[in-house]
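# Structural characterization, general
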Amino acid sequence: MRRMKMMRNLSTGLILTTLSWFLMLSKAEPSTQADGVPLHPWTFASLQKNESVQPLQDSPSLFDTFTKSEVDTALKAVKNGKAAGADGILPEFLKNLGVKGIAILKPGKAANDASNYRPVSLLSTVYNNNWYLTLNPNKTVAIALHLNNREANRRLELKIGDTPVANSECTRYLGIKIDRALTLKDHIEAMKKKLKTRNNIIAKQTGTSWGSNAEVLRTSTLALVYSVAEYCVPVWSRSAYCKKIDIELNKSMRIISGTVRTTQTQWLPVLSNIIPPELRRLMKAYQEVTKVMNNPELPLYNDIISHPQKRLKSRHPIWDLTFPKESIPEVWKNHWKHSGVQNSTLITDPMMRVLGFNLPRHLWTALNRARTNQGRSKSLLYKWGMTNSPLCACGAEQTIQHIIEECPNTKFNGGIARLHKAEEDAVTWINNLEFRL
Ligand SMILES: [Zn+2]
(Lines give C-alpha, C1' and ligand atoms only; values in the text may rest on other atoms or scores of the structure.)
Protein backbone atom coordinates (compact mmCIF):
# COMPACT_ATOMS: atom_id res chain seq x y z
CA MET A 1 0.00 0.00 0.00
CA ARG A 2 2.73 2.40 1.01
CA ARG A 3 4.60 1.55 -2.12
CA MET A 4 1.54 2.25 -4.22
CA LYS A 5 1.24 5.65 -2.61
CA MET A 6 4.86 6.35 -3.30
CA MET A 7 4.42 5.40 -6.92
CA ARG A 8 1.45 7.67 -7.24
CA ASN A 9 3.29 10.58 -5.67
CA LEU A 10 6.18 9.90 -7.95
CA SER A 11 4.12 9.93 -11.12
CA THR A 12 2.28 13.08 -10.05
CA GLY A 13 5.61 14.63 -9.31
CA LEU A 14 6.88 13.71 -12.71
CA ILE A 15 3.92 15.16 -14.51
CA LEU A 16 4.26 18.29 -12.43
CA THR A 17 7.91 18.55 -13.33
CA THR A 18 7.10 18.60 -17.01
CA LEU A 19 4.40 21.16 -16.48
CA SER A 20 6.61 23.25 -14.27
CA TRP A 21 8.97 23.55 -17.19
CA PHE A 22 6.21 24.84 -19.41
CA LEU A 23 5.11 27.22 -16.72
CA MET A 24 8.62 28.48 -16.29
CA LEU A 25 8.70 29.11 -20.00
CA SER A 26 5.61 31.22 -19.92
CA LYS A 27 6.65 32.99 -16.74
CA ALA A 28 10.23 33.66 -17.68
CA GLU A 29 10.99 37.35 -18.06
CA PRO A 30 12.59 37.94 -21.44
CA SER A 31 16.24 38.34 -20.55
CA THR A 32 18.26 40.63 -22.75
CA GLN A 33 21.29 39.88 -24.86
CA ALA A 34 24.33 42.16 -25.00
CA ASP A 35 23.04 44.11 -27.98
CA GLY A 36 19.73 44.77 -26.31
CA VAL A 37 17.64 42.35 -28.37
CA PRO A 38 15.30 40.51 -26.01
CA LEU A 39 15.93 36.80 -25.90
CA HIS A 40 12.85 34.73 -26.58
CA PRO A 41 11.67 32.89 -23.45
CA TRP A 42 11.85 29.57 -25.37
CA THR A 43 15.55 30.10 -25.84
CA PHE A 44 15.90 30.95 -22.18
CA ALA A 45 14.27 27.68 -21.27
CA SER A 46 16.38 25.63 -23.63
CA LEU A 47 19.49 27.08 -22.02
CA GLN A 48 18.17 26.07 -18.62
CA LYS A 49 17.25 22.58 -19.72
CA ASN A 50 20.79 21.31 -19.43
CA GLU A 51 20.80 21.90 -15.71
CA SER A 52 19.49 19.12 -13.54
CA VAL A 53 15.77 19.26 -12.87
CA GLN A 54 15.06 20.21 -9.27
CA PRO A 55 12.75 17.93 -7.33
CA LEU A 56 9.44 19.57 -6.69
CA GLN A 57 9.63 19.56 -2.89
CA ASP A 58 12.78 21.68 -3.09
CA SER A 59 10.95 24.50 -4.76
CA PRO A 60 7.52 24.78 -3.18
CA SER A 61 7.23 28.48 -3.99
CA LEU A 62 7.29 27.67 -7.67
CA PHE A 63 4.39 25.34 -7.22
CA ASP A 64 2.32 27.56 -4.97
CA THR A 65 2.07 30.42 -7.38
CA PHE A 66 0.56 28.49 -10.30
CA THR A 67 -2.97 29.49 -11.11
CA LYS A 68 -5.47 27.83 -13.38
CA SER A 69 -5.04 30.40 -16.13
CA GLU A 70 -1.27 30.00 -15.99
CA VAL A 71 -1.59 26.27 -16.41
CA ASP A 72 -4.01 26.73 -19.29
CA THR A 73 -1.82 29.32 -21.01
CA ALA A 74 1.29 27.21 -20.61
CA LEU A 75 -0.48 24.17 -22.04
CA LYS A 76 -1.83 26.18 -24.94
CA ALA A 77 1.63 27.52 -25.74
CA VAL A 78 3.27 24.10 -25.99
CA LYS A 79 3.43 22.82 -29.54
CA ASN A 80 2.62 19.26 -30.47
CA GLY A 81 5.34 16.96 -31.70
CA LYS A 82 7.95 18.24 -29.25
CA ALA A 83 10.27 15.82 -27.50
CA ALA A 84 9.38 14.71 -24.00
CA GLY A 85 11.30 16.06 -21.02
CA ALA A 86 13.30 14.10 -18.45
CA ASP A 87 10.11 12.43 -17.25
CA GLY A 88 9.28 11.07 -20.73
CA ILE A 89 5.85 12.69 -20.79
CA LEU A 90 4.85 14.16 -24.15
CA PRO A 91 3.16 17.57 -24.39
CA GLU A 92 0.25 15.96 -26.28
CA PHE A 93 -0.39 13.80 -23.28
CA LEU A 94 -0.66 16.78 -20.95
CA LYS A 95 -2.83 18.65 -23.42
CA ASN A 96 -5.19 15.77 -23.75
CA LEU A 97 -5.40 15.19 -20.05
CA GLY A 98 -8.73 16.34 -18.90
CA VAL A 99 -11.64 15.37 -16.86
CA LYS A 100 -13.04 12.51 -18.82
CA GLY A 101 -14.83 9.41 -17.74
CA ILE A 102 -16.29 6.43 -19.47
CA ALA A 103 -19.25 4.93 -17.71
CA ILE A 104 -20.41 1.38 -18.32
CA LEU A 105 -23.93 0.56 -17.28
CA LYS A 106 -24.07 -2.43 -15.00
CA PRO A 107 -26.20 -5.24 -16.46
CA GLY A 108 -29.90 -5.01 -15.72
CA LYS A 109 -29.72 -1.64 -13.94
CA ALA A 110 -31.66 1.55 -14.68
CA ALA A 111 -29.84 4.02 -16.91
CA ASN A 112 -30.85 7.17 -15.06
CA ASP A 113 -28.95 6.58 -11.84
CA ALA A 114 -25.27 7.46 -11.85
CA SER A 115 -24.49 4.80 -9.26
CA ASN A 116 -25.48 2.12 -11.76
CA TYR A 117 -22.46 2.84 -13.91
CA ARG A 118 -19.00 1.40 -13.74
CA PRO A 119 -16.53 4.22 -14.39
CA VAL A 120 -13.59 3.21 -16.57
CA SER A 121 -11.40 6.23 -16.43
CA LEU A 122 -11.89 9.27 -14.31
CA LEU A 123 -10.00 12.29 -13.16
CA SER A 124 -6.37 12.57 -14.03
CA THR A 125 -3.93 13.15 -11.20
CA VAL A 126 -2.86 16.53 -12.53
CA TYR A 127 -6.35 17.93 -12.47
CA ASN A 128 -6.92 17.93 -8.74
CA ASN A 129 -8.08 20.54 -6.32
CA ASN A 130 -4.64 22.00 -5.72
CA TRP A 131 -4.79 23.30 -9.23
CA TYR A 132 -8.19 24.87 -8.80
CA LEU A 133 -9.41 22.97 -11.80
CA THR A 134 -12.98 21.85 -11.64
CA LEU A 135 -15.04 19.58 -13.79
CA ASN A 136 -16.69 21.45 -16.64
CA PRO A 137 -20.09 19.89 -17.26
CA ASN A 138 -20.37 21.51 -20.69
CA LYS A 139 -17.20 19.86 -21.88
CA THR A 140 -17.97 16.49 -20.37
CA VAL A 141 -19.53 13.85 -22.59
CA ALA A 142 -20.98 10.43 -21.91
CA ILE A 143 -20.63 7.44 -24.17
CA ALA A 144 -22.46 4.15 -23.71
CA LEU A 145 -20.49 1.04 -24.57
CA HIS A 146 -22.73 -1.95 -24.91
CA LEU A 147 -22.24 -5.49 -26.15
CA ASN A 148 -25.89 -5.81 -27.02
CA ASN A 149 -26.47 -4.15 -30.38
CA ARG A 150 -30.10 -3.42 -29.60
CA GLU A 151 -28.93 -1.21 -26.78
CA ALA A 152 -26.43 0.59 -28.96
CA ASN A 153 -28.30 3.84 -29.20
CA ARG A 154 -29.14 4.08 -25.54
CA ARG A 155 -28.77 7.60 -24.18
CA LEU A 156 -27.31 8.04 -20.74
CA GLU A 157 -29.11 10.52 -18.55
CA LEU A 158 -26.28 11.79 -16.39
CA LYS A 159 -26.07 15.10 -14.61
CA ILE A 160 -23.27 17.08 -13.03
CA GLY A 161 -25.02 19.35 -10.56
CA ASP A 162 -27.98 20.55 -12.58
CA THR A 163 -26.32 20.39 -15.96
CA PRO A 164 -27.13 17.33 -18.05
CA VAL A 165 -24.11 15.58 -19.58
CA ALA A 166 -24.20 15.40 -23.37
CA ASN A 167 -24.10 11.99 -25.06
CA SER A 168 -21.53 11.29 -27.70
CA GLU A 169 -21.24 8.59 -30.36
CA CYS A 170 -17.51 8.78 -30.43
CA THR A 171 -15.44 10.58 -27.85
CA ARG A 172 -11.80 11.51 -27.89
CA TYR A 173 -9.62 10.37 -25.01
CA LEU A 174 -5.89 11.13 -24.96
CA GLY A 175 -6.08 11.81 -28.68
CA ILE A 176 -7.80 8.52 -29.53
CA LYS A 177 -11.35 8.53 -30.85
CA ILE A 178 -13.21 5.82 -29.02
CA ASP A 179 -16.30 4.50 -30.76
CA ARG A 180 -19.04 2.32 -29.34
CA ALA A 181 -17.83 -0.98 -30.80
CA LEU A 182 -14.13 -0.18 -30.26
CA THR A 183 -13.38 -0.82 -33.92
CA LEU A 184 -11.43 2.47 -33.91
CA LYS A 185 -12.74 3.11 -37.41
CA ASP A 186 -13.40 6.79 -36.76
CA HIS A 187 -9.97 7.28 -35.29
CA ILE A 188 -8.20 5.62 -38.19
CA GLU A 189 -10.24 7.47 -40.80
CA ALA A 190 -9.50 10.82 -39.18
CA MET A 191 -5.83 9.89 -39.04
CA LYS A 192 -5.85 8.87 -42.70
CA LYS A 193 -7.16 12.31 -43.67
CA LYS A 194 -4.41 13.94 -41.68
CA LEU A 195 -1.78 11.76 -43.35
CA LYS A 196 -3.12 12.64 -46.77
CA THR A 197 -2.55 16.36 -46.27
CA ARG A 198 0.92 15.70 -44.87
CA ASN A 199 1.81 13.50 -47.84
CA ASN A 200 0.79 16.36 -50.10
CA ILE A 201 3.23 18.64 -48.33
CA ILE A 202 6.07 16.13 -48.81
CA ALA A 203 5.11 15.61 -52.46
CA LYS A 204 5.58 19.35 -53.06
CA GLN A 205 9.33 18.92 -52.56
CA THR A 206 9.85 16.47 -55.39
CA GLY A 207 10.38 18.24 -58.72
CA THR A 208 12.56 16.04 -60.97
CA SER A 209 14.96 18.85 -61.83
CA TRP A 210 15.20 20.53 -58.41
CA GLY A 211 13.55 18.19 -55.89
CA SER A 212 15.06 17.30 -52.53
CA ASN A 213 17.16 14.17 -52.34
CA ALA A 214 15.91 10.98 -50.74
CA GLU A 215 17.67 11.70 -47.45
CA VAL A 216 15.76 14.96 -46.93
CA LEU A 217 12.48 13.42 -48.01
CA ARG A 218 12.96 10.45 -45.73
CA THR A 219 13.69 12.62 -42.71
CA SER A 220 10.73 14.91 -43.41
CA THR A 221 8.43 11.94 -43.91
CA LEU A 222 9.47 10.32 -40.65
CA ALA A 223 8.94 13.58 -38.79
CA LEU A 224 5.76 14.71 -40.47
CA VAL A 225 3.93 11.57 -41.58
CA TYR A 226 5.15 8.68 -39.43
CA SER A 227 4.83 10.67 -36.20
CA VAL A 228 1.10 10.97 -36.90
CA ALA A 229 0.76 7.48 -38.33
CA GLU A 230 2.21 5.91 -35.19
CA TYR A 231 0.64 7.98 -32.44
CA CYS A 232 -0.64 5.58 -29.77
CA VAL A 233 -0.15 2.76 -32.23
CA PRO A 234 -0.40 -0.14 -29.71
CA VAL A 235 -4.02 0.92 -29.15
CA TRP A 236 -5.27 0.71 -32.73
CA SER A 237 -2.75 -1.41 -34.61
CA ARG A 238 -4.85 -4.56 -34.37
CA SER A 239 -7.95 -2.86 -35.75
CA ALA A 240 -9.38 -4.24 -38.98
CA TYR A 241 -9.15 -0.72 -40.44
CA CYS A 242 -5.41 -0.50 -39.95
CA LYS A 243 -4.82 -1.14 -43.67
CA LYS A 244 -6.16 2.31 -44.44
CA ILE A 245 -3.08 3.76 -42.79
CA ASP A 246 -0.81 1.53 -44.85
CA ILE A 247 -2.27 2.97 -48.05
CA GLU A 248 -1.10 6.43 -47.02
CA LEU A 249 2.27 5.21 -45.78
CA ASN A 250 2.84 3.43 -49.08
CA LYS A 251 2.16 6.75 -50.78
CA SER A 252 4.78 8.42 -48.60
CA MET A 253 7.32 5.75 -49.47
CA ARG A 254 6.49 6.06 -53.17
CA ILE A 255 7.25 9.76 -52.89
CA ILE A 256 10.62 9.12 -51.22
CA SER A 257 11.67 6.44 -53.69
CA GLY A 258 10.15 8.12 -56.76
CA THR A 259 8.53 4.86 -57.84
CA VAL A 260 5.30 4.46 -59.79
CA ARG A 261 2.00 3.10 -58.51
CA THR A 262 2.43 -0.34 -60.07
CA THR A 263 5.57 -0.96 -58.00
CA GLN A 264 5.28 -3.96 -55.72
CA THR A 265 4.70 -2.66 -52.19
CA GLN A 266 7.44 -4.84 -50.67
CA TRP A 267 9.97 -2.75 -52.55
CA LEU A 268 8.88 0.52 -50.98
CA PRO A 269 10.31 0.11 -47.44
CA VAL A 270 13.56 -1.21 -48.90
CA LEU A 271 14.05 1.77 -51.19
CA SER A 272 12.97 4.33 -48.57
CA ASN A 273 15.08 2.63 -45.90
CA ILE A 274 12.21 2.59 -43.42
CA ILE A 275 11.15 -0.64 -41.69
CA PRO A 276 7.75 -1.81 -43.08
CA PRO A 277 4.78 -0.27 -41.24
CA GLU A 278 3.43 -3.57 -39.89
CA LEU A 279 6.80 -4.46 -38.39
CA ARG A 280 7.21 -0.99 -36.88
CA ARG A 281 3.80 -1.39 -35.27
CA LEU A 282 4.69 -4.81 -33.94
CA MET A 283 7.89 -3.37 -32.51
CA LYS A 284 5.95 -0.62 -30.71
CA ALA A 285 3.44 -3.12 -29.33
CA TYR A 286 6.30 -5.25 -28.10
CA GLN A 287 7.90 -2.26 -26.36
CA GLU A 288 4.59 -1.43 -24.73
CA VAL A 289 3.97 -4.97 -23.50
CA THR A 290 7.53 -5.33 -22.21
CA LYS A 291 7.24 -2.03 -20.38
CA VAL A 292 4.08 -3.17 -18.64
CA MET A 293 5.44 -6.64 -17.86
CA ASN A 294 8.49 -5.12 -16.21
CA ASN A 295 6.33 -2.98 -13.93
CA PRO A 296 3.98 -5.09 -11.80
CA GLU A 297 3.04 -1.83 -10.03
CA LEU A 298 1.24 -0.54 -13.11
CA PRO A 299 -2.53 -1.08 -13.07
CA LEU A 300 -2.19 -2.28 -16.68
CA TYR A 301 -0.04 -5.20 -15.51
CA ASN A 302 -3.00 -7.10 -14.13
CA ASP A 303 -5.10 -6.28 -17.17
CA ILE A 304 -2.61 -8.12 -19.33
CA ILE A 305 -1.71 -10.96 -16.96
CA SER A 306 -5.21 -11.85 -15.83
CA HIS A 307 -7.22 -10.44 -18.69
CA PRO A 308 -10.93 -11.18 -19.15
CA GLN A 309 -12.03 -13.84 -21.58
CA LYS A 310 -12.53 -12.69 -25.14
CA ARG A 311 -16.20 -12.32 -25.95
CA LEU A 312 -16.03 -11.15 -29.54
CA LYS A 313 -14.14 -13.23 -32.08
CA SER A 314 -13.37 -10.21 -34.21
CA ARG A 315 -11.28 -8.53 -31.51
CA HIS A 316 -7.55 -8.84 -31.23
CA PRO A 317 -6.44 -7.56 -27.84
CA ILE A 318 -2.80 -6.79 -27.22
CA TRP A 319 -2.35 -9.91 -25.03
CA ASP A 320 -3.25 -12.05 -28.05
CA LEU A 321 -0.17 -10.92 -29.92
CA THR A 322 2.65 -13.37 -30.47
CA PHE A 323 6.01 -11.76 -30.97
CA PRO A 324 8.60 -13.34 -33.23
CA LYS A 325 11.69 -14.83 -31.61
CA GLU A 326 14.03 -13.16 -34.11
CA SER A 327 14.82 -9.49 -34.17
CA ILE A 328 12.78 -7.20 -36.42
CA PRO A 329 15.57 -6.89 -39.04
CA GLU A 330 15.75 -10.70 -39.18
CA VAL A 331 12.00 -10.95 -39.65
CA TRP A 332 12.13 -8.40 -42.42
CA LYS A 333 14.98 -10.24 -44.09
CA ASN A 334 12.95 -13.46 -44.07
CA HIS A 335 9.86 -11.73 -45.43
CA TRP A 336 11.97 -10.27 -48.21
CA LYS A 337 13.58 -13.58 -49.06
CA HIS A 338 10.21 -15.24 -49.50
CA SER A 339 8.42 -12.30 -51.06
CA GLY A 340 9.16 -13.35 -54.64
CA VAL A 341 9.10 -9.74 -55.88
CA GLN A 342 10.75 -8.79 -59.16
CA ASN A 343 14.53 -8.38 -58.94
CA SER A 344 14.48 -9.32 -55.24
CA THR A 345 17.94 -10.87 -55.60
CA LEU A 346 19.44 -7.38 -55.89
CA ILE A 347 18.93 -6.91 -52.15
CA THR A 348 20.47 -9.28 -49.65
CA ASP A 349 19.74 -7.29 -46.51
CA PRO A 350 16.71 -4.98 -46.69
CA MET A 351 17.96 -3.03 -43.65
CA MET A 352 20.91 -1.76 -45.66
CA ARG A 353 20.34 1.55 -47.39
CA VAL A 354 20.40 1.08 -51.18
CA LEU A 355 23.11 2.85 -53.13
CA GLY A 356 22.39 6.20 -54.72
CA PHE A 357 20.37 7.54 -51.80
CA ASN A 358 22.01 10.94 -52.08
CA LEU A 359 21.92 11.23 -55.87
CA PRO A 360 19.96 14.08 -57.48
CA ARG A 361 16.26 13.38 -57.67
CA HIS A 362 16.02 12.46 -61.39
CA LEU A 363 18.85 9.91 -61.13
CA TRP A 364 17.51 8.39 -57.92
CA THR A 365 14.04 8.04 -59.42
CA ALA A 366 15.29 6.40 -62.62
CA LEU A 367 17.48 4.03 -60.64
CA ASN A 368 14.59 2.85 -58.49
CA ARG A 369 12.28 2.41 -61.45
CA ALA A 370 14.96 0.22 -63.01
CA ARG A 371 15.35 -1.79 -59.80
CA THR A 372 11.64 -2.40 -59.41
CA ASN A 373 11.09 -3.05 -63.13
CA GLN A 374 8.21 -0.55 -63.11
CA GLY A 375 8.47 2.78 -64.86
CA ARG A 376 7.65 4.78 -67.96
CA SER A 377 8.48 2.06 -70.48
CA LYS A 378 6.33 1.92 -73.64
CA SER A 379 4.84 -1.36 -72.49
CA LEU A 380 3.49 0.15 -69.27
CA LEU A 381 2.59 3.50 -70.83
CA TYR A 382 0.52 1.53 -73.34
CA LYS A 383 -1.19 -0.31 -70.50
CA TRP A 384 -1.99 3.01 -68.84
CA GLY A 385 -3.42 4.34 -72.11
CA MET A 386 -0.74 6.98 -72.49
CA THR A 387 0.77 5.82 -75.79
CA ASN A 388 -0.41 4.03 -78.95
CA SER A 389 2.07 1.18 -79.07
CA PRO A 390 3.89 -1.00 -76.53
CA LEU A 391 6.76 -1.51 -78.95
CA CYS A 392 10.32 -0.24 -78.74
CA ALA A 393 12.09 1.36 -81.73
CA CYS A 394 13.87 -2.00 -82.19
CA GLY A 395 10.53 -3.78 -82.64
CA ALA A 396 10.31 -5.76 -79.40
CA GLU A 397 7.97 -5.01 -76.49
CA GLN A 398 9.59 -2.26 -74.45
CA THR A 399 9.66 -3.18 -70.78
CA ILE A 400 12.13 -1.70 -68.31
CA GLN A 401 14.03 -4.97 -68.42
CA HIS A 402 14.17 -4.76 -72.23
CA ILE A 403 15.59 -1.24 -72.05
CA ILE A 404 18.35 -2.23 -69.63
CA GLU A 405 19.25 -5.75 -70.65
CA GLU A 406 18.06 -6.53 -74.19
CA CYS A 407 17.55 -3.52 -76.43
CA PRO A 408 20.45 -3.02 -78.88
CA ASN A 409 19.90 0.76 -78.74
CA THR A 410 19.89 1.30 -74.97
CA LYS A 411 21.35 -1.86 -73.34
CA PHE A 412 23.45 -1.20 -70.24
CA ASN A 413 26.68 -3.11 -69.96
CA GLY A 414 26.35 -5.39 -66.93
CA GLY A 415 22.56 -5.21 -66.80
CA ILE A 416 20.42 -4.42 -63.79
CA ALA A 417 22.85 -5.97 -61.27
CA ARG A 418 25.49 -3.44 -62.24
CA LEU A 419 23.07 -0.53 -62.64
CA HIS A 420 21.88 -1.23 -59.08
CA LYS A 421 25.34 -0.30 -57.79
CA ALA A 422 24.74 3.30 -58.91
CA GLU A 423 28.32 3.91 -59.97
CA GLU A 424 29.52 6.57 -62.38
CA ASP A 425 28.73 4.58 -65.54
CA ALA A 426 25.17 4.01 -64.30
CA VAL A 427 24.74 7.75 -63.81
CA THR A 428 26.11 8.48 -67.30
CA TRP A 429 23.84 5.84 -68.80
CA ILE A 430 20.74 7.37 -67.18
CA ASN A 431 21.80 10.86 -68.28
CA ASN A 432 22.35 9.67 -71.86
CA LEU A 433 18.97 7.92 -72.16
CA GLU A 434 16.71 9.78 -74.59
CA PHE A 435 13.65 9.30 -72.40
CA ARG A 436 12.91 9.25 -68.70
CA LEU A 437 12.38 5.94 -67.02
ZN1 LIG B 1 14.43 -1.98 -77.90
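Reading the values: rules and limits
- Residues numbered from 1 in each chain as written.
- Predicted model: local features only at pLDDT ≥ 70, side-chain atom pairs only at ≥ 80, totals over all residues.
- Helix = DSSP H or I, 4+ residues; strand = E, 2+ residues; numbered from the N terminus.
- Buried ≥ 20, exposed ≤ 12 C-beta atoms within 10 Å, placed from the backbone.
- Contact = placed C-beta atoms within 7 Å.
- Axes fitted to C-alpha atoms, helices over the stretch in contact; angles between N-to-C directions.
- Parallel < 35°, antiparallel > 145°, perpendicular 65-115°, else oblique.
- Core = buried A, V, L, I, M, F, W, Y, C linked by C-beta atoms within 7 Å.
- Domains from an automatic or database assignment.
- Pairing = 2+ DSSP bridges.
- Bend = angle between axes of the 7 residues up to and from the residue.
- Expected span 1.5 Å × (residues − 1).
- pLDDT = per-residue confidence, 0-100.
- Left-handed = near helix turned anticlockwise from the far one by under 90°.
- Nonpolar A, V, L, I, M, F, W, Y, C, P; charged D, E, K, R; others polar.

Right, let's talk about the overall build of the protein chain for a bit. Looking only at helices and strands, one finds 18 helices and eight strands in the protein chain. Counting every position in the protein chain, which comprises 437 residues, the buried fraction comes to 21%. Contacts in the protein chain between residues far apart in sequence, at least 24 positions, make up 60% of those at least 6 positions apart.

A pair of packed helices can be characterised by two numbers: the angle between their axes and the separation between those axes. Where helix α6 (residues 185–203) contacts helix α9 (residues 243–257), the two axes come as close as 9 Å, and the packing angle between them is 10°. With respect to their mutual orientation, α6 and α9 come out roughly parallel. Of the residues in α9, those in contact with I188, E189, M191, K192, L195, K196, N199, I202 and A203 of α6 are K244, I245, E248, K251, S252 and I255.

Okay, the nonpolar core next. Considering soluble globular proteins, one finds that nonpolar side chains tend to be buried as a cluster. One finds A229, L367 and A370 to be the most contacted residues of the largest nonpolar core, which totals 35 residues. Of all the secondary structure elements, the ones that give two or more residues to this core are α6, α7 (214–229), α9, α10 (267–272), α13 (328–337), α14 (361–372), α16 (400–406) and α18 (424–432). Among the elements that line this core, the one with the most residues is α9, at five residues. Summarising the domain contributions, this core has at least three residues from each of domain 3 (185–346) and domain 4 (376–432). With residues up to four places along the chain from it excluded, the contact list for L367 reads G356, A422 and I430. A144, L156, L158 and I178 belong to the second largest nonpolar core, which has five residues in total.

Another aspect to go through is the pairing of strand β8 (residues 176–179). Note that strand β7 (residues 170–173) and β8 share four bridges and pair antiparallel. The residue of β8 that forms the bridge with R172 is K177. Counted along the chain from β7 to the antiparallel partner β8, the turn is two residues long, and its residue L174 has a positive phi close to 50°.

At L222, α7 shows its maximal bend, which comes to roughly 35°. Among the residues making up α7, those that are buried are A214, L217, R218, T221, V225 and A229. Considering only its buried residues, α7 is in contact with α6, α9, α10 and α14.

So, about α14. Taking 1.5 Å of rise per residue, 12 residues should cover 16 Å, and α14 covers 17 Å from first to last C-alpha, within 8% of that figure. Among the 12 residues of α14, 10 are classified as buried, and the element is accordingly described as predominantly covered. Where α14 is concerned, the buried positions are R361, W364, T365, A366, L367, N368, R369, A370, R371 and T372. Packed against the buried residues of α14 are α7, α9, α10, α16, α17 (415–419) and α18. Where α14 ends, the next residue or the one after it, N373, has phi of about 65°, a positive value.

Despite not being glycine, C232 has its phi angle at roughly 55°, a positive value. With respect to the helices and strands, the residue C232 is situated in the loop between α7 and α8 (233–236). With 17 C-beta atoms counted inside 10 Å, the residue C232 sits in the partly exposed group. Look at N343: it is not a glycine, yet its phi comes out positive at around 60°. Its place among the elements puts N343 in the loop between α13 and α14. Take N343: there are 17 C-beta atoms within 10 Å of it, and that puts it in the partly exposed class.

Right, let's get into the environment of K333. Take K333: it is sitting in helix α13. The partly exposed category is assigned to K333, around which 17 C-beta atoms lie within 10 Å. Sequence separation between K333 and D349 is 16 residues, and the spatial gap between their C-alpha atoms is 6.1 Å. The residues contacting K333, other than those within four sequence positions of it, are D349 and P350.

Position of N358 among the secondary structure elements: in the loop between α13 and α14. Residue class for N358 comes out exposed when judged on the 12 C-beta atoms lying within 10 Å of it. When neighbours within four sequence positions are excluded, N358 is seen to be in contact with N213 and E215.

Confidence in the prediction of the protein chain, expressed as mean pLDDT, is 79, and 75% of residues score 70 or more. Note on residues 1–63: pLDDT is under 50 here. Beyond four places in sequence and across chains, it has 53 contacts. Every residue in residues 121–125 scores below 50 in pLDDT, and together they form nine contacts with partners more than four places removed in sequence or on other chains.

The interhelical angle for the contact between α6 and α7, taken along N-to-C directions, is 165°, at an axis separation of 9 Å. Considered as vectors, α6 and α7 are oriented roughly antiparallel to each other. Our pair here, α6 against α7, has a crossing hand that is right-handed. Seen from α6, the contacting residues are M191, K194, L195, R198, N199, I201 and I202; seen from α7, they are L217, S220, T221, L224, V225, V228 and A229. Looking at the contact of α6 with α7, its residues break down into nine nonpolar, three polar and two charged.

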